[in-house]
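As a plain string of letters, each chain reads:
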Amino acid sequence: MTHAVKGRVMKQIKAGLIGFGTIGAGVVKVFQHNGPVIADRLGAQLELVKIADLDITTERGVSVAPGQLTTDVEEILANPEIDIVIELIGGYEPARTFVLKAIANGKHVVTANKALLAVHGEEIFAAASKQGVDVYFEAAVAGGIPIISSIKENLCANQFSSVLGILNGTCNYILTRMTQAGDDFADVLKAAQDLGYAEADPTFDVEGIDAAHKLAILLSICFGTRVNFADISTEGIGNISSLDIQFAEQFGYKIKLLAIGKRDGDSIEARVHPTMIPLYHPLADVEGVFNAVRLVGDFVGPSMQIGYGAGMEATASAVMGDVMAIARNMQLGGKGVRTPAMAYCADKVSQLAIKPMAEIVTQYYLRFAANDQPGVLAQISTILGNHHISIASMIQPERQVGGAVPIVVLTHEAMEDHIVKALAEIDKLAVIKEQSRFIRIESELE
Ligand code: HSE
């Protein structure tokens, strides 16, 4: 269909939005604020014809035309006028059903739904490939950072050896406030929710699940592999204490929730956990709701991008970039898919095994709570030595914590299996007063 704009005849491309929450309202805002510049850049007129949500009465701070809102998703999915369906309801179902139905009806899809793609991506991409429609998902990973298109387009001549970063804005916001202001975990989480950063279920954020969903997507497109989401080792920030944050700083580190993906021959590392990173590394300066993704490609070398990882505007910007990319593809004529959804041709996607955590080799921060008496250090260091763990550095401040003194050890590189077994043995010592803690250190950052 064509449409006259500023004296020109422009092609008209129609979109429907499913999910009128925070990001959905942001998408409406972008349409309204930047409609003219979008049209100038596209050479086509984008129109948001319908918005479906179960709740169409709550005030979202954006005005919509009469008749634009509906509670009936079929007005989008079965609407022959709509070319692109934007899915922003999140979660596995009914998002999966809606997306598959949109694809079956020949519509291109834009989604911000990392949970859906991490778990049902293969089914969705196969359906889209069969139908010859695009599924774009830039907003699913790291909000405003264009990392998906960087991997799939700009850096696609590289073989990647690692992809890691700060992928959850809520956790980064909480850790930043705990580090800078010593704020309490629960209060900061509440503030993040009020700012619209957190998932509908914030345990997805604080337990690292949201970051693991995003890591699954990055691993798939960096390494051309299917990822069984359940195999990604996931730990949240719930056990990080202000004591650990202070000790980390004394040793020259900051604690961040990192999502780490590395290629190691025919296997990959895939893990999300609190990680100590050197204070001098630029990742340590990524604070608040900002995310960062660091890639290493064989030709580009290390490359890092920083941007807002959550929030209405940055995520809506990513969604609209995808809508425009699809609109451009459509203008090339036909429904052909220009870039494979998983960055590799479907018949070239492999299944790399995820390395068990017991086999990970890295440096560790260990914290023990022990009686302050002769021979304690000797007992601890003997057990560490017996498990092939070499001590790089150690402090034992005089202060008492719950009747015990903290003993903090930084190790040289060690295998996680050895660390876990050594700590289990140390925790059985009569002089140890509470369960010992460990935090992994990522020091191999250029
Ligand atoms: N809850 C997510 C975060 C939002 O905090 O990063 C975007 O995925």
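Residues numbered from 1 in each chain as written. Predicted model: local features only at pLDDT ≥ 70, side-chain atom pairs only at ≥ 80, totals over all residues. Heavy atoms only, no water.

A. Focus on the confidence of the model for the protein. When pLDDT is averaged across the protein, the result is 93; 97% of the residues are at 70 or more. Confidence over residues 1–7 falls short of pLDDT 50; this stretch has 18 contacts with residues more than four positions distant or in other chains. (pLDDT = per-residue confidence, 0-100. Contact = heavy atoms within 4.5 Å.)

B. Focus on the nonpolar core. Core analysis: the largest hydrophobic core is formed by 88 residues, its most contacted members being I124, V141, I147, L167, L218, I232 and M276. With 10 residues, helix α9 (residues 209–223) is the largest single contributor of residues to this core. If we skip the residues at most four places from it in the chain, I147 touches E138, V141, L218, V293, L295 and Q305. Grouped together as the second largest cluster of nonpolar side chains are 34 residues, I13, I38, A44 and M312 included. (Core = buried A, V, L, I, M, F, W, Y, C linked by side-chain atoms within 4.5 Å. Buried < 20%, exposed > 50% of the residue type's maximum accessible area, 1.4 Å probe, protein only. Helix = DSSP H or I, 4+ residues; strand = E, 2+ residues; numbered from the N terminus.)

C. Here's a closer look at the domain arrangement of the protein. Partitioning the protein into structural domains gives domain 1 (2–143 + 313–341), domain 2 (147–308) and domain 3 (357–441). The gap between the C-alpha centroids of domain 1 and domain 2 is 27 Å. Both faces combined, the contact of domain 1 with domain 2 buries some 1,600 Å², and carbon together with sulfur accounts for 62% of it. On the surface where domain 1 and domain 2 come into contact, there are three salt bridges. Measuring nitrogen to oxygen at the nearest pair gives 3.5 Å for the salt bridge that ties D210 to K114. Counting across the domain 1 and domain 2 interface gives nine residue pairs in polar contact (both at pLDDT 80 or more). Among the elements that take part in the side of domain 1 that touches domain 2, helix α4 (residues 114–131) stands out by supplying six residues, more than any other. Residues of the side of domain 1 that touches domain 2, tallied by class, amount to 12 nonpolar, two polar and four charged. (Domains from an automatic or database assignment. Buried area = accessible area lost by both parts, 1.4 Å probe. Salt bridge = Lys/Arg side-chain N within 4 Å of Asp/Glu carboxyl O. Polar contact = N/O pair within 3.5 Å; in protein donor to acceptor, adjacent residues only side chain to side chain. Nonpolar A, V, L, I, M, F, W, Y, C, P; charged D, E, K, R; others polar.)

D. Highlighting the packing of helix α3 (residues 95–104) against α4. Where α3 contacts α4, the axes come no closer than 9 Å and their chain directions differ by 10°. Overall, the two elements α3 and α4 adopt an arrangement that is roughly parallel. The way α3 lies across α4 gives a crossing that is right-handed. Mapping the contact onto sequence places A95, R96, V99, L100, I103 and A104 in α3 and L116, H120, E123, I124, A127, A128 and Q131 in α4. (Axes fitted to C-alpha atoms, helices over the stretch in contact; angles between N-to-C directions. Parallel < 35°, antiparallel > 145°, perpendicular 65-115°, else oblique. Left-handed = near helix turned anticlockwise from the far one by under 90°.)

E. Quick look at the side chain of Q12. Along the chain, Q12 turns up in strand β2 (residues 8–18). A polar side-chain atom of Q12 sits 3.2 Å from a polar atom in the side chain of E47.

F. How the structure looks around the site of the ligand. Taken together, 13 residues form the shell around the ligand, and within it K114, G169, T170, E199 and D205 come nearest. Burial of the ligand by the protein chains amounts to 94% of its free accessible area of 260 Å². Among the residues making up the shell around the ligand, the classes are represented as four nonpolar, four polar and five charged. (Near = heavy atom within 4 Å. Areas by Shrake-Rupley, 256 points an atom, 1.4 Å probe, with all protein chains shown as cover.)

G. Structural context of the pattern of salt bridges. Under the criterion given, the structure shown has 27 salt bridges. Measuring nitrogen to oxygen at the nearest pair gives 4.0 Å for the salt bridge that ties E47 to K14. Taken together, the residues span a long stretch of sequence, with E47 in strand β3 (residues 44–52) and K14 in strand β2 at a distance of 33 residues. For E47, a relative accessible area of 29% gives the class partly exposed. Its salt-bridge partner being K50, residue E75 comes within 3.2 Å of it at the nearest N-O pair.

H. Seen up close, the packing of aromatic side chains. Scanning the model with the defined rule gives four aromatic pairs in all. Ring centres 5.6 Å apart and planes at 75° place the aromatic pair Y173 and Y197 in the edge-to-face group. Taken together, the residues span a long stretch of sequence, with Y173 in helix α6 (residues 169–181) and Y197 in the loop between α7 (185–194) and α8 (203–206) at a distance of 24 residues. The same class applies to Y173 and to Y197, which are both buried. Sitting over the face of the ring of Y136, K152 holds its NZ or CZ atom 5.7 Å from the ring centroid. (Phe/Tyr/Trp six-rings, centres within 6.5 Å; stacked < 30°, edge-to-face > 60°. Lys NZ or Arg CZ within 6 Å of the ring centre and 35° of its normal.)

I. Here's a closer look at the pairing of strand β19 (residues 432–441). Where strand β11 (residues 267–278) meets β19, two bridges bridge the pair, whose relative direction is parallel. Looking at the pairing, M276 lines up with I441 of β19. When strand β15 (residues 361–370) meets β19, the two strands line up antiparallel, connected through seven bridges. Along β19, the bridge assignment pairs Y365 with I439. (Pairing = 2+ DSSP bridges.)

J. How the structure looks around the state of the cysteines. Considering all chains together, one arrives at zero disulfides under this definition. With no disulfide partner, C345 has as its closest neighbouring cysteine sulfur the one in C156, 11 Å distant. (Disulfide = S-S within 2.5 Å.)

K. Quick peek at α4. In a regular helix each residue adds 1.5 Å, so 18 residues correspond to 26 Å; α4 covers only 22 Å between its end C-alpha atoms and thus falls short of that length. The axis of α4 is deflected most strongly, by about 85°, at H120. Residues of α4 that are buried include every one of K114, A115, L116, L117, A118, G121, I124, F125 and A128, and no others. Considering only its buried residues, α4 is in contact with β5 (84–87), α3, β6 (108–111), β7 (135–136) and α9. You can read the cap of α4 off the contacts: a side-chain oxygen lies 3.4 Å from the backbone nitrogen of A115, and it is on N113. Directly beyond the C-terminal end of α4, a positive phi value near 70° is found at G132. (Expected span 1.5 Å × (residues − 1). Bend = angle between axes of the 7 residues up to and from the residue.)

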